[in-house]
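# Fold and contact review
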Amino acid sequence: PADLIGDRLKEDVLEQKGRLQRLVAKEVQPPDPASIRVLRGHQLPVTCLVISPDDRFIFSASKDGSLIKCKWEVESGKRLCVVPGGRKGTEERHMGHASQVLCMAISSDGKYLATGDRNKLIMIWDAATCKRLHIFTGHRDAVSGLSFRKGTHQLYSASHDRCVKVWNVAENAYMETLFGHQDVITGLDSLSRECCVTAGGRDGTVRLWKIPEETQLVFSGHQGSIDCIQLINEEHMVSGADDGSLALWGLTKKKPLALAREAHGMQDAEGLEQPYWISAVAALRNSDLLATGSHSGSVKLWKSGEGFRKLEHLWDIPLVGFVNSLKFSASGDFLVAGIGQEHRLGRWWRVKEAKNSICIIPLKQRVTASGPESPGSS
């Protein structure tokens, strides 16, 4: 046990330094399409979802404005909780949002759930009971990204008003606002450090915001609008854009370490050849496994190789519709996709045959001859 505790502590230190990379990508097997579970309940496209830190629940929201239109139990697929939406201007009187919910985040202790909507509001919920605790106002346009700093109740929010705000959820307090993006912010993520990363849409930049110093680092490398971003560990991140490119970044380099162009191939849209947009990215934290979503008919899994300097396509998981949100479970045992007939931010195209739903994709690892105690089997 003492050795195990020592190993865990070492892992924690490496994780904080962003140097721990669990090599799991090559061990994951393609799932049988028949094993993918589909949860139905949203009338309109699913825009965002999160998984509880213990991997037991999924929270999802959609364009029908009914917040946690659903809290789902992963094991049974049961819908445990529905919060109905209402008409604009009545948010104070009833529980739900009155406009499209675009983003959500859950605190790392599983206590608080935050949701952001097109009507500039951030709502804070008790994740266990689905009761609303507070409403934050202050953004001047749609709230498009939310993330809790790991291990704290500090919340970062990003908006189409081009700024990032910092809140203390436990004390219902606004802390500060950060400016810099030249276009709407489309996504945001954070980990343990007091900083967050954002995708700046058509301004073509990804930014790292250092909160205490009130400074920002600017990264550029995509040609199109950057639609989604996620940190892999404390030192690396992945982003996707509507030019079809997928980029791997190190937080010390201004240009991508690796770039996959036309990652989901090309589409013929009204006689014009153009790449399928990357609408969602996910990273299994501190590992080499990544996932991307588009409306190309599949979710793709990737391996980030050779010190994050290479992107290797592993395989495709067939899914019809716009993949508006992707999340790996903390254990890495499954991947969840939020599917819609439309993109989460607009109505440029419609995939009529898609079902507005949540898909749970099991990720089985190859069984190796050596037992679970073998080195590197975490």
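The structure under discussion appears in the preceding block.
Everything numeric here is computed off the predicted structure, so don't read it as measured data.

## Observations regarding the state of the cysteines
Counting across every chain of the model gives one disulfide. Paired by a disulfide, C81 and C130 hold their sulfur atoms 2.3 Å apart. In this pair, C81 sits in strand β5 (residues 79-81) while C130 sits in the loop between β8 (122-126) and β9 (131-136), placing the two residues 49 residues apart along the sequence. The class for C81 is buried, based on a relative accessible area of 15%. Given the relative accessible area of 5%, C130 is considered buried. For the unlinked cysteine C196, the closest cysteine sulfur is that of C195, found at 7.1 Å.

## A closer look at the packing of aromatic side chains
Evaluated as defined, the whole model comprises three aromatic pairs. With 5.5 Å between their ring centres and 70° between their planes, W167 and Y174 make a pair best called edge-to-face. Owing to a relative accessible area of 1%, W167 belongs among the buried residues under this scheme. Overall, Y174 belongs to the partly exposed group, its relative accessible area being 45%.

## A word on the sheet that holds β9
The sheet built from four strands is open, its strands ordered β6-β7-β8-β9 with antiparallel pairing. Edge positions in the open sheet fall to β6 (101-106) and β9, since each of these has one partner strand only. Going across the sheet, the axis of each strand differs from the next one's by a mean of 25°, ignoring polarity. Bridge count for β6 against strand β7 (residues 112-117) is five bridges, and the pairing is antiparallel. Of the residues in β7, the one forming a bridge with C103 is G116.

## Observations concerning the environment of V184
Following the sequence through the fold, V184 ends up in the loop between β13 (173-179) and β14 (187-190). Owing to a relative accessible area of 25%, V184 belongs among the partly exposed residues under this scheme. If we ignore the near neighbours within four places in the chain, the residues touching V184 are S159, H160, R162, A199, G200 and G201.

## What about the pattern of salt bridges?
All told, the structure shown has 11 salt bridges when counted by the stated rule. The partner of E342 in a salt bridge is K63, with the nearest N and O atoms 3.0 Å apart. Here the residue E342 occupies a position in the loop between β29 (334-340) and β30 (357-362), and K63 occupies one in the loop between β3 (57-62) and β4 (70-73), the gap between them amounting to 279 residues. E235 is the partner of R193 in a salt bridge, and the nearest nitrogen-oxygen pair spans 3.0 Å. You can see R193 sitting in the loop between β14 and β15 (195-199) and its partner E235 sitting in the loop between β18 (226-231) and β19 (236-241), a full 42 residues away along the chain.

## Some points on the sheet that holds β14
Here we have four strands laid out as an open sheet, ordered β14-β15-β16-β17, and antiparallel in their pairing. With one partner strand each, in any of the chains shown, β14 and β17 (215-220) form the two edges of the open sheet. Averaged over all pairs of adjacent strands, the angle between strand axes in this sheet comes to 20°, irrespective of strand direction. Summarising the sheet, β14 and β15 pair through four bridges and their orientation is antiparallel. Bridge pairing in β15 places D189 opposite V197.

Here is what the cut-offs are and how they apply
- Residues numbered from 1 in each chain as written.
- Predicted model: local features only at pLDDT ≥ 70, side-chain atom pairs only at ≥ 80, totals over all residues.
- Heavy atoms only, no water.
- Disulfide = S-S within 2.5 Å.
- Helix = DSSP H or I, 4+ residues; strand = E, 2+ residues; numbered from the N terminus.
- Buried < 20%, exposed > 50% of the residue type's maximum accessible area, 1.4 Å probe, protein only.
- Phe/Tyr/Trp six-rings, centres within 6.5 Å; stacked < 30°, edge-to-face > 60°.
- Pairing = 2+ DSSP bridges.
- Axes fitted to C-alpha atoms, helices over the stretch in contact; angles between N-to-C directions.
- Contact = heavy atoms within 4.5 Å.
- Salt bridge = Lys/Arg side-chain N within 4 Å of Asp/Glu carboxyl O.

Treat this as a map of the structure, not an account of what it does.
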